[in-house]
Amino acid sequence: MKRSSYNNFFMNFATESKFGIIMALKDGPLSVNEIVNRVGDEQSAVSHSLRKMSGCHILNVRKDGKQRIYSLNEDTVLPMLKIVEKHVKKCCLGRDYDG
């Protein structure tokens, strides 16, 4: 697999805006307006991020009437977040890292 594929995947977690979307969706599906309200970004910026993240299958999207409902990919992203959470609790809590 090409390095750029990994880069494209991890860029979905690398910005505060996209990571905020992921964390907002961690507890369940949300509409675009609900995501905007939770993350506090402009709707156009959120919609742009949602489109990119859906293109990489980080998110699933379904239509409910006129609304688009977004959720995290249950096969890959949710399990990965659980592993990351376990790692953070074990290795990173109480530590101040600048990266």
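The preceding data block contains the structure.
None of the values given here were measured: they were computed from a predicted structure. (Residues numbered from 1 in each chain as written. Predicted model: local features only at pLDDT ≥ 70, side-chain atom pairs only at ≥ 80, totals over all residues. Heavy atoms only, no water.)

Some details on the layout of surface pockets
Stage number 1. Estimated volume of the largest pocket: approximately 160 Å³.
Stage number 2. Around the largest pocket, the lining residues are Phe10, Phe13, Phe19, Met80, Leu81 and Val84.
Stage number 3. Ranked by residue count, the leading element in the lining of the largest pocket is helix 5 (residues 77-92), at 3 residues.
Stage number 4. Residues of the lining of the largest pocket, tallied by class, amount to 6 nonpolar, no polar and no charged. (1 Å grid on protein atoms, 1.4 Å probe; cavity = no way out; pocket = protein on both sides within 12 Å on 5 of 7 lines; lining within 4 Å. Points joined across faces, edges and corners; volume = space filled by probe spheres on them. Helix = DSSP H or I, 4+ residues; strand = E, 2+ residues; numbered from the N terminus. Nonpolar A, V, L, I, M, F, W, Y, C, P; charged D, E, K, R; others polar.)

Let's talk about a nonpolar patch on the surface
Stage number 1. On the surface, Met1, Tyr6 and Phe10 cluster together into a nonpolar patch covering about 410 Å² of accessible area.
Stage number 2. Relative accessible area serves as the criterion here: at 47%, Tyr6 is assigned to the partly exposed category. (Patch = residues over 30% accessible without salt bridge, like charges linked within 9 Å, V, L, I, M, F, W, Y side chains within 5 Å. Areas by Shrake-Rupley, 256 points an atom, 1.4 Å probe, with all protein chains shown as cover. Salt bridge = Lys/Arg side-chain N within 4 Å of Asp/Glu carboxyl O. Buried < 20%, exposed > 50% of the residue type's maximum accessible area, 1.4 Å probe, protein only.)

Comments concerning the nonpolar core
Stage number 1. In terms of nonpolar packing, the biggest core is built from 18 residues, with Leu25, Ile35, Leu50 and Leu59 touching the most fellow members.
Stage number 2. Contributions of two or more residues to this core are made by helix 2 (16-25), helix 3 (32-39), helix 4 (43-55), strand 3 (67-72) and helix 5.
Stage number 3. Apart from the residues within four sequence positions on either side, Leu59 is in contact with Leu25, Leu50, Met53, Ser54, Tyr70, Ser71, Leu72 and Asn73. (Core = buried A, V, L, I, M, F, W, Y, C linked by side-chain atoms within 4.5 Å. Contact = heavy atoms within 4.5 Å.)

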